[in-house]
Amino acid sequence: MAAVFPAAEPGIVRVALDTPAADSFDYLGSGAATPGAIVSVPFGRRELVGVVLGRADSSEVPAERLRPVRAQVDWLPPLDANWMALAVFAARYYHRCLGEVMLPALPPALRESAGWAGLAQRAQGRFYRLLPGAGQALLDSVPARARSVMALAQALTAAADDAGEDGGPGLSASEARALCSAAPARLAQWEEAGWIEAETRARPLLATEPGRAPSEPPPLHAEQRQAVEAIGAAQGFSPFLLHGVTGSGKTEVYLHAIAQALAAGPHAQVLMLVPEINLTPQLQARVAARFPGEPLAVLHSGLAEQERSLQWLAAHRGEARIVLGTRMAIMASLPRLALILVDEEHDTSYKQQDGLRYSARDLAVWRAKQLGIPVVLGSATPSMESWWRAEQGAYRKLVLRERAQADAVLPAVRLVDLNHERQRQRPLYEGLSVPLLDAVQARLERGEQSLLFLNRRGYAPVLACDACGWLSGCPRCSAYLVLHRPERRLRCHHCGLEAPVPHHCPDCGNMDIAPLGRGTQRVEEALAARFPQARIARIDADSTRRKGSAQAMFDDVHAGEVDILVGTQMVAKGHDFQRVTLVGIVHPDAAMFSHDFRAAEHLFASLMQVAGRAGRAGLAGEVLIQTRYPDAPALQALARHDYDGFAGAQLRERRQAGLPPFAYQALLTAEHGQLDRALAFLQAARRQAEQGVPAPEVQLHDPVPMSMVRVANRERAQMLVESHSRAALQRFISAWVLTFDGIGEAAKGVRWQLEVDPLRI
Ligand code: ADP
Ligand code: ZN
Ligand code: ZN
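Parameters and conventions
- Residues numbered from 1 in each chain as written.
- Chains lettered and ligands numbered in written order.
- Predicted model: local features only at pLDDT ≥ 70, side-chain atom pairs only at ≥ 80, totals over all residues.
- Heavy atoms only, no water.
- Helix = DSSP H or I, 4+ residues; strand = E, 2+ residues; numbered from the N terminus.
- Rg over C-alpha atoms; globule rule 2.2 N^0.38 Å.
- Buried < 20%, exposed > 50% of the residue type's maximum accessible area, 1.4 Å probe, protein only.
- Areas by Shrake-Rupley, 256 points an atom, 1.4 Å probe, with all protein chains shown as cover.
- Lys, Arg positive; Asp, Glu negative; His and termini not counted.
- Charge placed at Lys NZ, Arg CZ, Asp CG, Glu CD.
- Donors = N, O, S within 2.8 Å, 3.2 Å for Na, K, Ca; no water.
- Tetrahedral: all angles 85-135°; square planar, octahedral: opposite > 155°, others 65-115°.
- Near = heavy atom within 4 Å.
- Polar contact = N/O pair within 3.5 Å; in protein donor to acceptor, adjacent residues only side chain to side chain.
- Pairing = 2+ DSSP bridges.
- Contact = heavy atoms within 4.5 Å.
- Axes fitted to C-alpha atoms, helices over the stretch in contact; angles between N-to-C directions.
- Domains from an automatic or database assignment.
- Buried area = accessible area lost by both parts, 1.4 Å probe.
- Salt bridge = Lys/Arg side-chain N within 4 Å of Asp/Glu carboxyl O.

*Asks:* Before we move on, can you summarise the overall build of the protein chain with the specific residues and values?
*Replies:* Along its length, the protein chain carries 23 helices and 31 strands. Its C-alpha radius of gyration of 30 Å places the protein chain within 12% of the 27 Å reference for a compact globule of 761 residues. Based on the C-alpha atoms only, the size of the protein chain along its principal axes is roughly 100 × 70 × 60 Å. Classification of the 761 residues of the protein chain by burial places 53% in the buried group. Here the protein chain has roughly 33900 Å² of accessible surface; of this, 51% comes from carbon and sulfur atoms. Computed over 81 positive and 81 negative side-chain charges, the inter-centroid distance for the protein chain is 3 Å.

What follows is the structure, given as structure tokens:
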């Protein structure tokens, strides 16, 4: 196997490993270990995979203690300097060690040396090529009777004839075997005779359909055209905010932008990020249909490990020209990246919630800046951060005001005032108001579909005893066990604890315990009782646990085999339901009392998303929102489809209160079996800051218990650090985290976590 790198002097190599101990570790390596190479090294008694950062002239480790690199993936092109720079930036910005960023970004089969051989086998193949002038001799050597051997010889000469000057790709080992079962022996013989040459080369990993005609794009409307042209004309780093209501044709703009980028260079790559796995099949089909001849890779955590590794590899080698993926894809190696698209840029799933808590959207902008390429952030409800940047002119705003399809209009939004319903003595039926039930009835009569949205799965959020006040609390969390009636279980949605449903109150023995409140299962049951003829489907994390079941249910909805769809946020995003004309929002109120300053923003975005499911194809859509707070600004703005007004008001409030995007935050959280120990750690961290770390322009808030203080028997507390200057905050944290080692006793048994730009506080 040919080595990819030139061999040079052995020396000291610096390697990043997935441990919080240090950024790099020194080893003895051969000259082949260039920056970006993947190696395996001894680490204590273990063997770890690492990424070579570079070479060093000397090491702090005494020469006799330096251990050699064990092995290297020598067939893989090294990770390039741009990728390394991205990892370095992410490590610095989120205050992690380099290897903690780099290694998790690599695919599973590369992260452990045990996976290397299997990947190499899938990724490479033997190829055979006729040497110039050897054709006749080869053909003459084959006895006429040996049909299949002759077929093999002819295939080799034909491939050479087709190839012209450079000899062409030749014949792959599997093609050869298909022609002739004795191919391996024959090929070896011919190679020996000097007629052909053999080579191990990358095998194409992605299938394309070059013969298929691309799907026909609709003629762009004026605003779409302006957007596409602006993106196409961009030179260098150009961030765009594509603001368009649901159904306004943003995806069509992305597809055109992709076409432009691919046309600009024969090797250019495009990265398109989407928030959820369950959105990728639909979008993937749409992209594949538009670009049947372009290798398309997908990257998300739902793929089997081997498959994900191959898709990653296709991106890394430059074979994939379009990469479609969830947040993890922002860390993919893309040597020829020319354009980044971030769909639904406001979506919170772009923020990783454990480990390295990065924002894929923010890294996308950084990556585009570093490469000097355009990046398009698209949304119907941009995040306040992106909106503010666009308002300031840092991002260029592209606006799509209308729905794209000629006959589609935005749905009428009506607030159903539940106070008013009570005054009129029209009681709710299982949480469903008369106007909403009537609207569903009307859809059933017209053969149209209704979607009822309730962001709470299970039957009821809590089970209660009327006699003594007992509630089904989770023994391990400060949360209630949720009743799942069809499964007859109580479940904690935070720690996973399960228990059977008790027959009587565990405290007083009362037989009459009842579910309080309602989740999707209960709404489904109520609708089935009320509309016995209707075909009802429920889509939430419980009903779609089996692989493929979500897709099957969505297919039923699209095929018109469902009259009423009940669902959580799983139904809110992306799906283009052509026959849904009614969206009912059953219970938005819980979100209005959150302590989180982003609650209104998230509520507005999610309701706007769900509302956007209605009336997409010529049928007039209607959205009914049941609420006790019809005056809430988020709901009022929603009823007017007024994102701009809502965002303006939000930004004014945030500016006054000194909140993001007018301030930058970091959150230190600590966990311990006892709350006071978690708090003590935070206090100690604060003292460290006050005693030794210069903190100009940085404000440290008091440590406080988290609003959900206990999860899985761990008590949690947090401390917010804030500054109006991102640079000042970063400087402070860099110095501050170094002092955590000195916390000593108070750190014992405490798990802590520092999050930069936290989304939930
Ligand atoms: P978004 O991504 O903003 O929700 P899409 O790009 O998915 O919007 O477009 C919504 C619907 O309108 C899709 O069915 C799409 O095929 C259609 N569409 C998009 N652009 C046009 C256009 N210029 N003319 C007609 N139909 C269009
Ligand atoms: Zn009781
Ligand atoms: Zn629990």
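Once you've had a look at it, read on.
*Asks:* So what about the coordination of the zinc ion (ligand 3)? Which residues, and what values?
*Replies:* Within the first shell, the zinc ion (ligand 3) binds the protein through C474 (SG), C477 (SG), C492 (SG) and C495 (SG), at distances of 2.2 to 2.3 Å. Geometry at the zinc ion (ligand 3) is tetrahedral, judged from its 4 donor atoms and the angles of 104 to 113° they form at the metal. Under the relative-accessibility criterion, C477 is labelled buried at 3%. You can call C492 buried: its relative accessible area is 4%.

*Asks:* Tell me what's going on with the coordination of the zinc ion (ligand 2), and back it up with residues and numbers.
*Replies:* Taken together, C465 (SG), C468 (SG), C505 (SG) and C508 (SG) make up the full set of protein donors to the zinc ion (ligand 2), lying 2.2 to 2.3 Å away. If you look at the zinc ion (ligand 2), its 4 donor atoms make angles of 105 to 113° with each other, and the shape they trace is tetrahedral. When the donors of the zinc ion (ligand 2) are listed by position in the chain, the intervening gaps give C-x2-C-x36-C-x2-C. Look at C465 and you get buried, because its relative accessible area is 4%.

*Asks:* Residue-level account of the site of ligand 1, with values.
*Replies:* By nearness alone, 18 residues border ligand 1, and P219, Q224, G247, K250 and T251 come closest of all. The separation between an oxygen atom of ligand 1 and a polar main-chain atom of K250 is 2.8 Å. Measuring from an oxygen atom of ligand 1, one finds a side-chain N or O atom of R286 at 3.0 Å. Starting from 550 Å² of accessible surface for ligand 1 in isolation, the protein chains cover 81%.

*Asks:* With reference to specific residues and values, describe the sheet that holds strand β2 (residues 25-29).
*Replies:* Overall, antiparallel pairing links the 5 strands, which are arranged β2-β1-β4-β3-β5 in an open sheet. Strands at the two margins of the open sheet, each flanked by one partner only, are β2 and β5 (71-72). Pairing of strand β3 (residues 38-43) with β5, which is carried by 2 bridges, proceeds in the antiparallel orientation. Counterpart to S40 in the pairing with β5 is A71. Along the sheet face, helix α2 (residues 98-105) touches β1 (11-17) and β4 (46-56) and points at about 75° away from the line of β1.

*Asks:* Which residues make up the domain arrangement of the protein chain, and what values go with them?
*Replies:* Split by domain assignment, the protein chain resolves into domain 1 (3-106), domain 2 (123-202), domain 3 (222-400), domain 4 (412-459 + 518-653), domain 5 (463-513) and domain 6 (664-756). Each of domain 4 and domain 5 has a C-alpha centre, and these two points are 27 Å apart. Facing the 7 residues of domain 4 at the interface are 8 residues of domain 5. Ranking the residues of domain 4 by area buried against domain 5 places R457, Y459 and Q521 at the top, with a combined share of 74%. In this assembly, domain 4 and domain 5 are joined by 1 salt bridge. The closest approach of N and O atoms between D542 and R491, which form a salt bridge, is 3.8 Å.

*Asks:* Can you lay out the environment of A33 for me, pointing to particular residues and giving the numbers?
*Replies:* In this structure, A33 sits in the loop between β2 and β3. By relative accessible area, A33 is classed as buried at 1%. Linking A33 and R640, residues 607 residues apart in sequence, is a C-alpha distance of 61 Å. Apart from the residues within four sequence positions on either side, A33 is in contact with V13, V52, R55 and Q72.

*Asks:* Describe in detail unusual backbone geometry, supporting the description with residues and values.
*Replies:* Between P660 and the following residue, P661, the backbone shows a cis peptide bond with an omega angle of 10°. Within the element layout of this structure, P661 appears in the loop between α21 (643-657) and β27 (664-672). In the Ramachandran plot, R488 falls in the positive-phi region, its phi being about 50° despite a non-glycine side chain. Mapped onto the fold, R488 is located in the loop between β19 (482-484) and β20 (489-491). Residue classification places R488 among the exposed residues on the basis of a relative accessible area of 66%. Even without being glycine, E697 reaches a positive phi, approximately 65°. Mapped onto the elements of the fold, E697 is located in the loop between α22 (675-692) and β28 (698-700).

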